[in-house]
Amino acid sequence: MPEFRYQARELTGRQVSGTLTATSEKDALAVLASRSLFPISVALTEQSKQSGAGGSRRVPSKYLTIFYNQLSDLLKSGVPLLRSLQLLEEQTSHPGLRFVVQDVREQVADGSRLNDAMRRHPKTFNFLSISMVKAGEEGGFIEEVLSRIAAFNEHQEELRGKVTGAMVYPLFLMLVGLAVVTVMMVWFVPKFAVIFDRMKDQGTLPWATTTLLGISDAIQNQGLLILAAVAGGIFGIVYYFQSPEGVRNLDRWKLKIPGLGGILQSLAVARFCRMLGTLLKNGVPILQSLRIAKDASGNVVLAEAIGNAADNVSSGQSLAVPLRASGQFTRDLIEMISVGEEANNLENVLINVADNMEKRTGRRIEMVVRLLEPMMLLVMAAVVTFVIAALLLPVLNMSAPA
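Remember, it's a predicted structure, so these values are computed and weren't measured experimentally.

Enquirer: Outline the overall build of the chain, supporting the account with residue identities and numerical values.
Expert: Secondary structure assignment for the chain yields 16 helices and three strands. Relative to the globule expectation of 21 Å for 402 residues, the C-alpha radius of gyration of the chain, 29 Å, shows a markedly less compact shape. For the chain, the C-alpha atoms occupy an extent of roughly 95 × 60 × 45 Å along the three principal directions. Each of the 402 residues in the chain was classed as buried or not, and the buried ones make up 37%. Across the chain, the fraction of contacts at a sequence separation of at least 24, relative to all contacts at a separation of at least 6, is 60%.

Quick look at the structure:
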């Protein structure tokens, strides 16, 4: 049972703190009330978070896709949410997901909304899924949202499978090539160093050979230090990109990656357009729809631009004007939104825009996936060519007539 750390005030006004055990935050508040304590803050302890009470369970995407699909089907069939969660808890074969669904069901039974219950498990339910569920609850179309999340997950799995299939062969060759190059650097290249010493003293050793010998020497003498530095750098980068500033900068850099940035931006804009169109179609006011749908983009930079647009819309402007000023949306998209506003048909225009953008982006993704294999092979060929050339150039120079 999870433990909660609390701060509260007694009837006399004195502030007290401590920990208590309860099945949920609501039960923890009830315990404090029974002790005549007025709660100031109640939160899970770090130990409870790490043990799984705070959402530390990771669940494979394929199981989540099944969960979303089944929950959507049950709700469409008229089964109440609490009963649907109970059925899924009993039927799921993945123990981690069963634990998560049980906790979500208990939170919903205690009066929490579904998105708030899911938010307790950030390693199971990502931010995009939680935002879309929140939008569905706000707009009253939670079944459609769950089905859309499942379709999105299936698309991601299909894309991941394509990328993995395209990368298996070149990655295998690259790993073999890396192993061969490492062996050459550690055992083979140093034997050539003695042969090249005279040319090095004379200053006639080619730059490629000098570079290769330097790399070989660094690997032999400082290999562990280099490995530790690389591991520390990776850890630092991951830690930074988990901070709010890091997330914002990462999302900004994603949009600027040549080739890939346009694809990521199109996917984010398509998600926003689909969610906004669906909200408007279900009668949600445009300001509320904008503030909900901005999180569905999955990109902080775009969400900030849409949030600023919502502020401008509240002052009486049309939606197209602030979106154009943000610089994050293409000219043709802005024109279609403007036409949709003038024709009072914005919700249908947005959904059609999302459909067309997803189709075009899908074709671009397939093209990128096809290019991955030859690109990886070219990189590996360049590395091997460099090593061979660095070893052969001095030999050719020594054998050439004076």
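Moving on from the model shown.
Enquirer: Please provide a residue-by-residue account of the packing of helix H11 (residues 260–281) against helix H12 (residues 286–293), values included.
Expert: Running from amino to carboxyl end, H11 crosses H12 at an angle of 145 degrees, the nearest separation of the two axes being 9 Å. At the point where H11 passes H12, the crossing takes the right-handed sense. Note on element contacts: H12 touches H11 through Ile286, Ser289, Leu290, Ile292 and Ala293, opposite Phe272, Met275, Leu276, Leu279 and Leu280. Taken together, the residues of the contact of H11 with H12 sort by class into nine nonpolar, one polar and no charged.

Enquirer: If you had to explain the nonpolar core to someone new, which residues and values would you point to?
Expert: Counting 60 residues, the largest nonpolar core has Phe67, Tyr68, Phe125, Met275, Leu319 and Phe329 as the members making the most contacts within it. Considering each element in turn, this core owes the most residues, nine residues, to H11. Phe67 has contacts with Leu85, Leu88, Leu97, Val101 and Phe125, leaving out every residue within four places of it along the chain. One finds Leu205, Ala208, Ala390 and Leu391 within the second-largest nonpolar core, a separate group that totals 14 residues.

Enquirer: Provide a residue-level description of the side chain of Glu89, including the pertinent values.
Expert: Looking at where Glu89 falls in the secondary structure, it is placed in helix H4 (residues 81–91). In contact with Glu89, not counting residues within four places along its chain, are Arg98, Val101, Gln102 and Arg105.

Enquirer: Now, about H12: what can you tell me, with residues and values included?
Expert: Along H12, the positions that sit buried rather than exposed are Ser289, Leu290, Ile292 and Ala293. Mapping the buried residues of H12 onto a view down its axis gives an arc of 170 degrees, with all of them on the same face.

Enquirer: Explain a nonpolar patch on the surface residue by residue, including any values.
Expert: On the surface, Val384, Ile388, Leu392, Leu393 and Leu396 cluster together into a nonpolar patch covering about 410 Å² of accessible area. By the element assignment, Val384 lies in helix H16 (residues 346–399). You can call Val384 partly exposed: its relative accessible area is 33%.

Enquirer: Describe the pattern of salt bridges, with residues and values.
Expert: Taken as a whole, this structure holds eight salt bridges when the rule is applied. Salt-bridge contacts for Arg14 lead to Glu10; the nearest nitrogen and oxygen are separated by 2.9 Å. By relative accessible area, which is 27% here, Glu10 ends up partly exposed. The partner of Arg105 in a salt bridge is Glu89, and the shortest N-O contact between them spans 2.6 Å. On the criterion of sequence distance, the pair formed by Arg105 in helix H5 (residues 95–109) and Glu89 in helix H4 is long-range, its members being 16 residues apart. Within this structure, Arg274, Asp355 and Glu358 form a network of salt bridges that share partners.

Enquirer: Tell me what's going on with the packing of aromatic side chains, and back it up with residues and numbers.
Expert: Summed over the entire model, instances satisfying the criterion amount to eight aromatic pairs. Aromatic pair Phe241 and Trp253: ring centres 5.8 Å apart, planes at 85 degrees, arrangement edge-to-face. In this pair, Phe241 sits in the loop between helix H9 (207–240) and helix H10 (244–256) while Trp253 sits in helix H10, placing the two residues twelve residues apart along the sequence. On the accessibility criterion, Phe241 (22% relative accessible area) is partly exposed.

Enquirer: Before we move on, could you go through a positive patch on the surface and cite the residues and values that matter?
Expert: On the surface, Lys359, Arg360, Arg363 and Arg364 cluster together into a positively charged patch. Examined against the element boundaries, Arg364 turns out to sit in helix H16. You can call Arg364 partly exposed: its relative accessible area is 36%.

Enquirer: An account of the packing of helix H7 (residues 127–139) against H11 is needed here, citing residue identities and associated values.
Expert: In contact at an axis separation of 10 Å, H7 and H11 are set at 15 degrees when each is read in the N-to-C sense. One way to sum up the angle between H7 and H11 is to call them roughly parallel. Between H7 and H11 lies a crossing of right-handed hand. Packed against H7, whose contacting residues are Leu128, Met132, Ala135 and Gly139, the element H11 presents Arg271, Met275 and Leu279 at the interface. When its residues are assigned to classes, the contact of H7 with H11 shows five nonpolar, one polar and one charged.

What counts, and at which threshold
- Residues numbered from 1 in each chain as written.
- Predicted model: local features only at pLDDT ≥ 70, side-chain atom pairs only at ≥ 80, totals over all residues.
- Heavy atoms only, no water.
- Helix = DSSP H or I, 4+ residues; strand = E, 2+ residues; numbered from the N terminus.
- Rg over C-alpha atoms; globule rule 2.2 N^0.38 Å.
- Buried < 20%, exposed > 50% of the residue type's maximum accessible area, 1.4 Å probe, protein only.
- Contact = heavy atoms within 4.5 Å.
- Axes fitted to C-alpha atoms, helices over the stretch in contact; angles between N-to-C directions.
- Left-handed = near helix turned anticlockwise from the far one by under 90°.
- Nonpolar A, V, L, I, M, F, W, Y, C, P; charged D, E, K, R; others polar.
- Core = buried A, V, L, I, M, F, W, Y, C linked by side-chain atoms within 4.5 Å.
- Arc of directions from axis to C-beta.
- Patch = residues over 30% accessible without salt bridge, like charges linked within 9 Å, V, L, I, M, F, W, Y side chains within 5 Å.
- Areas by Shrake-Rupley, 256 points an atom, 1.4 Å probe, with all protein chains shown as cover.
- Salt bridge = Lys/Arg side-chain N within 4 Å of Asp/Glu carboxyl O.
- Phe/Tyr/Trp six-rings, centres within 6.5 Å; stacked < 30°, edge-to-face > 60°.
- Lys, Arg positive; Asp, Glu negative; His and termini not counted.
- Charge placed at Lys NZ, Arg CZ, Asp CG, Glu CD.
- Parallel < 35°, antiparallel > 145°, perpendicular 65-115°, else oblique.

Interpretation in functional terms is not warranted from these geometric data alone.
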